[in-house]
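# Per-entry structural report
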Amino acid sequence: MKKNAWLVIIFCLLGQVAASQSVKHAQVTKYPSYKGLVMAGYQGWFGAPADGMLYPDETKIRIDMWPDVSEYEKTYPTGMKHADGSVARFFSSRDKSTVDLHFKWMKEYGVDGVFMQRFFSAARPGEARNIVLQNAFEAASAYERAIAVMYDLSGLKASGEDCSRLIEDWKYLVDSLKVTRQKGTKTYLFFDGKPLVAIWGVGFPDRPYNIRNIGIERFIDFLQHDPEYGGCSVMLGVPTFWRDLNADCLPDPYLHEIIRKADIVLPWMVQRFTPLLHNDMDRYRDVIIEDIKWCKQNGVSYVPCATPGFSWHNLSRFEFPDDVKPVGSIPRQGGRFYWQQLSTAIRAGAEMIYVAMFDEVNEGTAIFKCSDNPPVSEVAKFVDMDGMPSDHYLWLTGEAARMLRREKPLTFKMPSR
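From a predicted model like this one, the values you see are computed outputs, not experimental measurements.

### Some thoughts on the overall build of the protein chain
Within the protein chain one finds 10 helices and 12 strands. Compactness check: the protein chain gives a C-alpha radius of gyration of 22 Å against a globular reference of 22 Å for 417 residues, within 12% of the reference. Overall size of the protein chain, expressed as C-alpha extent along the three principal axes, is 85 × 50 × 50 Å. The buried share of the protein chain, reckoned over its 417 residues, is 56%. For the protein chain, the proportion of contacts with a sequence separation of at least 24, taken over those separated by at least 6, is 75%. About 17800 Å² of surface is accessible on the protein chain, with carbon and sulfur atoms providing 52% of the total. Charged side chains of the protein chain number 50 positive and 51 negative; the gap between the two group centres comes to 6 Å.

In structure tokens:
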């Protein structure tokens, strides 16, 4: 090979090194891939009001599960009482000790980590609105749990708004909060060797925005290719029936164009399957198998969603006063429904799983420690734990993660301790 040719190769390699060093993300992480992990969504939106009184009376309750607060360093009184007359207490997500405890549980039970929900309406600089995120990244490093940012497009309006704010917000998160290179152990979740950023809420017909004019392609291109802040992988959160563009999905083939630009597709499967229908897990299995087949043909990776159950009776009293939902509309069955999804997804070929959610008690999907002794009320009703320990769903999640990685044999019967 001629000397000039060698010089060209050397300069190209040096250019690649320089380019990689200009990217503002850490070059290494404890979690270089989503594959083999069970991740959960994390809301972190429960804050104590200025007067320190959460849920002053039963008419203000908008949650359907009550957390087990016995291990929290700080809790706050509510206007509710338990059956024994004691005051029901609640935590605040804004307390550092709360977030620390949650990540401690993740490590203790083998939950691999969480996607931090970042809503469009709240994606702005400012210490007050970002305190939970900051605490979470510190705790993720301390307990060596995977963590990533998930942008939720909820709050995006129909006119005059697009994803440009999220571009600036990502720059802020990288520069100011240093999310992709946090202090201590680097645990930001990567995929294909690149930091993974999720964008949730593309293709749902009940959203006021048109996916064709919100700049979604520009945002994806920025995350993947910007010379300073890019070099990322992208996961898109879409409806369950995205592949067929029907049922819960917009009938717009443009959605498939967007998905092909992404690295991972995540269908939102909450409320789409239920143990109350005979053989509904067969339908769940078939959806996953066909989704994986489409993804392989189109060069996109795939992660299915699993959830313990669903209930939004108390929330629906505010959102749908003329159509109040029943308590536990998708029952947990003591964890059997959750385990059916987890084991079915693994058997169907899933290489990674998204759990909805870690701390979502508003819709009754939480896997963190909840109580079988909720407050007593004539108005507010709660889903209980079916007599299971408060840590039951954390433990099941950890078991699923070990079986996903083939550290234990897969079992279709819900395991017991």
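Next comes the rest of the account.
### Here we look at the nonpolar core
Membership of the largest hydrophobic core comes to 147 residues, with the highest contact counts inside it found for Tyr-34, Phe-115, Trp-170 and Tyr-354. Among the elements that line this core, the one with the most residues is helix α10 (residues 392-404), at eight residues.

### Here's the deal with the side chain of Ser-343
Mapping Ser-343 onto the fold places it in helix α9 (residues 336-347). Judged by its relative accessible area of 2%, Ser-343 falls in the buried class. Within the local environment of Ser-343, its side chain forms a polar contact with the backbone oxygen of Gln-340, the two atoms lying 3.3 Å apart.

### Details of the pattern of salt bridges
Applying the stated criterion to the full structure yields 28 salt bridges. Across the pair Asp-95 and Lys-74 runs a salt bridge whose closest N-O atoms are separated by 3.6 Å. Of this pair, Asp-95 sits in the loop between β3 (87-90) and α2 (96-109) while Lys-74 sits in the loop between β1 (38-42) and β2 (76-81); the two residues are 21 residues apart in sequence, bridging distant segments of the chain. Of the charged contacts, one joins Arg-218 and Asp-162 as a salt bridge, the two residues approaching to 3.5 Å between their closest N and O atoms. Pair noted here: Arg-218 is in helix α5 (residues 216-225) and Asp-162 is in the loop between β5 (146-152) and α4 (164-177), with a separation of 56 residues, a long-range link. Via salt bridges that share partners, Lys-24, Asp-175 and Glu-228 belong to a single interconnected network.

### A few points about unusual backbone geometry
Residues apart from glycine generally show negative phi values, whereas peptide bonds are mostly found in trans. Look at the link from Ala-356 to Met-357: it is a cis peptide, with omega at -5 degrees. Its place among the elements puts Met-357 in the loop between β12 (353-355) and α10. Even without a glycine there, the phi angle at Tyr-55 is positive, about 45 degrees. The residue Tyr-55 is located in the loop between β1 and β2 in this model. When its relative accessible area of 14% is taken as the criterion, Tyr-55 is described as buried. A positive phi is found at Ala-247, a non-glycine position, where the angle reads about 55 degrees.

### With respect to the side chain of Asp-280
Following the sequence through the fold, Asp-280 ends up in helix α7 (residues 280-298). A distance of 2.8 Å separates a polar atom in the side chain of Asp-280 from a polar atom in the side chain of Arg-283. Other than its neighbours up to four places away in sequence, Asp-280 contacts Arg-272, Phe-273 and Thr-274.

### Some thoughts on the packing of aromatic side chains
One pass over the structure, following the stated rule, counts 26 aromatic pairs. The interplanar angle of 55 degrees and the centroid separation of 5.7 Å between the aromatic rings of Phe-46 and Phe-90 together place this pair among those described as tilted. Of this pair, Phe-46 sits in the loop between β1 and β2 while Phe-90 sits in strand β3, and the two are 44 residues apart along the sequence. Ring centres of Phe-91 and Phe-368 lie 5.9 Å apart, and the angle between their planes is 85 degrees; on these two criteria the pair is classed as edge-to-face. Of this pair, Phe-91 sits in the loop between β3 and α2 while Phe-368 is found in the loop between β12 and α10, placing the two residues 277 residues apart along the sequence. Both residues of the pair, Phe-91 and Phe-368, count as buried. Stacked on the ring of Phe-318, the Lys or Arg Arg-62 has its end atom at 3.8 Å from the ring centre. The side chain of Arg-332 reaches across the aromatic face of Tyr-393, ending 4.5 Å from its centre.

### A word on the environment of Ile-147
Mapped onto the fold, Ile-147 is located in strand β5. The buried category is assigned to Ile-147, whose relative accessible area is 0%. Separated by 59 residues in sequence, Ile-147 and Ala-88 place their C-alpha atoms 31 Å apart. Residues in contact with Ile-147, not counting those within four places in the same chain, are Met-39, Phe-103, Val-114, Met-116, Ala-136, Phe-137, Ala-140, Gln-182, Thr-187, Tyr-188 and Leu-189.

### Some remarks on the packing of α4 against α5
Look at α4 against α5: their axes get within 9 Å of each other, and the N-to-C directions meet at 20 degrees. Comparing their axes, α5 and α4 come out roughly parallel. When you trace α4 past α5, the crossing you get is right-handed. Between α4 and α5, the contacting residues are Ser-164, Leu-166, Ile-167, Trp-170 and Lys-171 on the first element and Arg-218, Phe-219, Phe-222 and Leu-223 on the second. Considering only residue class, the contact of α4 with α5 consists of six nonpolar, one polar and two charged.

How each quantity is defined
- Residues numbered from 1 in each chain as written.
- Predicted model: local features only at pLDDT ≥ 70, side-chain atom pairs only at ≥ 80, totals over all residues.
- Heavy atoms only, no water.
- Helix = DSSP H or I, 4+ residues; strand = E, 2+ residues; numbered from the N terminus.
- Rg over C-alpha atoms; globule rule 2.2 N^0.38 Å.
- Buried < 20%, exposed > 50% of the residue type's maximum accessible area, 1.4 Å probe, protein only.
- Contact = heavy atoms within 4.5 Å.
- Areas by Shrake-Rupley, 256 points an atom, 1.4 Å probe, with all protein chains shown as cover.
- Lys, Arg positive; Asp, Glu negative; His and termini not counted.
- Charge placed at Lys NZ, Arg CZ, Asp CG, Glu CD.
- Core = buried A, V, L, I, M, F, W, Y, C linked by side-chain atoms within 4.5 Å.
- Polar contact = N/O pair within 3.5 Å; in protein donor to acceptor, adjacent residues only side chain to side chain.
- Salt bridge = Lys/Arg side-chain N within 4 Å of Asp/Glu carboxyl O.
- Phe/Tyr/Trp six-rings, centres within 6.5 Å; stacked < 30°, edge-to-face > 60°.
- Lys NZ or Arg CZ within 6 Å of the ring centre and 35° of its normal.
- Axes fitted to C-alpha atoms, helices over the stretch in contact; angles between N-to-C directions.
- Parallel < 35°, antiparallel > 145°, perpendicular 65-115°, else oblique.
- Left-handed = near helix turned anticlockwise from the far one by under 90°.
- Nonpolar A, V, L, I, M, F, W, Y, C, P; charged D, E, K, R; others polar.

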